[in-house]
Amino acid sequence: MAALHSSAQTEHMNASTPSSADNDYERIAKAIRWIDAHRHDQPTVASMAASVALSEAHFSRMFRRWAGISPQRYLAHVTLADARHALRCNATVEQAAFDSGLSGSSRLHDLFVRIDAVSPGEFRRGGEGVKLGWSFAETRFGDALLATSARGIVALRFGDVAAREARVAALHAEWPRAQWQQDDELVSVITALLDRSQDGPIHVLLRGTPFQHKVWEALLGIPDGQVVSYGTLARRIGMPSAARAVGSAVGANPVAILIPCHRVLRADGALGGYRWGEDRKRAVLAFEQCRQINASR
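In this report, the structure presented in the accompanying data block is examined. Here the structure is a predicted model, which means the values were calculated and not measured.

## Describing the sheet that holds strand 3 (residues 152-159)
Phase 1 of the analysis: Reading across the sheet, the 4 strands line up as 3-2-1-4 and stay open at both edges, with mixed pairing between neighbours. The sheet terminates laterally at strand 3 and strand 4 (179-182), the two strands that pair on one side only. Mean inter-strand twist for the sheet, computed between neighbouring axes without regard to direction, equals 25°.
Phase 2 of the analysis: By the bridge criterion, 7 bridges tie strand 2 (residues 142-149) to strand 3 in an arrangement that is antiparallel.

## Some details on helix 13 (residues 243-251)
Phase 1 of the analysis: All of the buried residues in helix 13 are Val246, Ala249 and Val250. One side of helix 13 holds all its buried residues, which, seen down the axis, span an arc of 100°. More than 90 degrees from the buried face of helix 13, the exposed residues found are Arg244 and Ser248.
Phase 2 of the analysis: On its buried face, helix 13 sits against helix 11 (210-219) and helix 12 (230-236).

## Details of the packing of helix 11 against helix 13
Phase 1 of the analysis: Packing of helix 11 against helix 13 brings their axes to within 9 Å, and their N-to-C directions diverge by 80°. Between helix 11 and helix 13, the angle falls in the class roughly perpendicular. Where helix 11 abuts helix 13, its residues Phe211, Gln212, Val215, Trp216 and Leu219 lie against Ala245, Val246, Ala249 and Val250.

## Things to note about unusual backbone geometry
Phase 1 of the analysis: Not every positive phi belongs to a glycine, and Ala53 is a case in point at roughly 60°.
Phase 2 of the analysis: When you line up the elements, Ala53 lands in the loop between helix 3 (45-51) and helix 4 (56-67).
Phase 3 of the analysis: At Ile257, a position not held by glycine, the phi torsion is positive, near 65°.
Phase 4 of the analysis: As for its position among the elements, Ile257 is in the loop between helix 13 and strand 6 (264-265).

## Describing the pattern of salt bridges
Phase 1 of the analysis: One pass over the full model with this rule turns up 9 salt bridges.
Phase 2 of the analysis: One salt bridge connects Asp143 with Arg167, and the closest N-O pair in it is separated by 2.8 Å. Residue Asp143 is located in strand 2, and its partner Arg167 is located in helix 9 (residues 164-174); the two are separated by 24 residues in the primary sequence.
Phase 3 of the analysis: The buried category is assigned to Asp143, whose relative accessible area is 3%.
Phase 4 of the analysis: Residue classification places Arg167 among the buried positions, given a relative accessible area of 13%.
Phase 5 of the analysis: A salt bridge links Arg282 to Asp279; its shortest N-O distance comes to 3.0 Å. Placement of the pair is Arg282 and Asp279 together in helix 14 (residues 278-296), with a separation of 3 residues, close to one helical turn.
Phase 6 of the analysis: Where salt bridges share partners, they join Asp143, Arg164 and Arg167 into one cluster.

## Examining the nonpolar core
Phase 1 of the analysis: Phe158, Leu194, Leu219, Leu233, Val250 and Ile257 are the most contacted members of the largest nonpolar core, which has 38 residues in total.
Phase 2 of the analysis: Once you skip the residues sitting within four places of it in the chain, Phe158 turns out to touch Thr139, Phe141, Gly142, Asp143, Ala144, Arg167, Leu194, Ala256, Ile257, Trp276 and Arg280.

Thresholds applied
- Every chain is numbered on its own, with residues counted from 1 as its sequence reads.
- The predicted origin of the model limits local features to residues at a pLDDT of at least 70 and limits the giving and counting of side-chain atom pairs to 80 or more, whereas totals for whole chains, interfaces and linings rest on all residues.
- Excluding hydrogens and water, the side-chain figures rest on all heavy atoms present in the structure.
- Whether two strands pair depends on DSSP finding at least two bridges between them.
- Comment: elements are numbered from the N terminus, with helices defined as DSSP H or I runs of at least four residues and strands as E runs of at least two.
- Note on definitions: angles span 0 to 180 degrees between N-to-C directions of axes, and those axes are lines fitted to C-alpha atoms, for helices only across the stretch in contact.
- Per-residue accessibility, obtained with a 1.4 Å probe over protein chains only, is compared with the maximum for each type, and a residue is labelled buried under 20%, exposed over 50%, and partly exposed between these values.
- Our arc is simply the arc of the directions from the helix axis toward the C-beta atoms.
- Should any heavy atoms of two residues lie within 4.5 Å, those residues are considered in contact.
- Comment on the angle field: the value is read as roughly parallel under 35 degrees, roughly antiparallel over 145, roughly perpendicular from 65 to 115, and oblique elsewhere.
- Basic side-chain nitrogens of Lys or Arg form a salt bridge, by our definition, when they fall within 4 Å of a carboxyl oxygen of Asp or Glu.
- Note on terminology: a nonpolar core comprises buried Ala, Val, Leu, Ile, Met, Phe, Trp, Tyr and Cys residues joined through side-chain atoms within 4.5 Å.

Rendered as structure tokens:
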């Protein structure tokens, strides 16, 4: 009993007295190695915490501070990577589920939907059986390509009218076996989205890593008409030294304007590039700032 009390007391002191950054980093690095080694067992957070002699609550806070995501989300990410590999090697969904340490295909389905917004079967089959509609529209910001599924918006991209065929081909390559159909009714949807006259919530399907999701969620927190630097955005997600990685995640945003990657500038105030062209970024920012001025009158 005395030994148990001593151990608990020591951890309480560790939790209340800040550890050195190096020690915290080493603990999280050790925890990540442990999770990687035991991922097929789908360990609980309590087990992860025990591997580095911390309480579950203290471990969760420290892990999120250093890794940028929760330990559960990290485990989901490495499990998903295993499942993707198995699916690419032509394993069945059931085999991929059990090989990656999940209890069955239903859990694997939930994991894909939460992180990738596609089912494991859809991923393995290149979107076979998925119905996707697409259309172009000339908008105030140029030629827009919108793609949607029954579960939400898949992509919103801009480009040159002369390159429409190439843009559609690139989109099809991401879902090579999906059932694609041009849907002219989407023209009015595109206009409503970009004119901000869309009523109700907008559902988007984001395929990306947990880090990209974290950055995209942070982008949604930038108010209309305002801008931040890449460094500021990195600090907002609790990773101040990751400005370059944040910039890459911003550039990978598949849904233009709706997820406002255009609101991020370089530290010196320069535009800092834009996936769909700096002139378009300048136009979108000007439109939003004018809306803010008109709303304040």
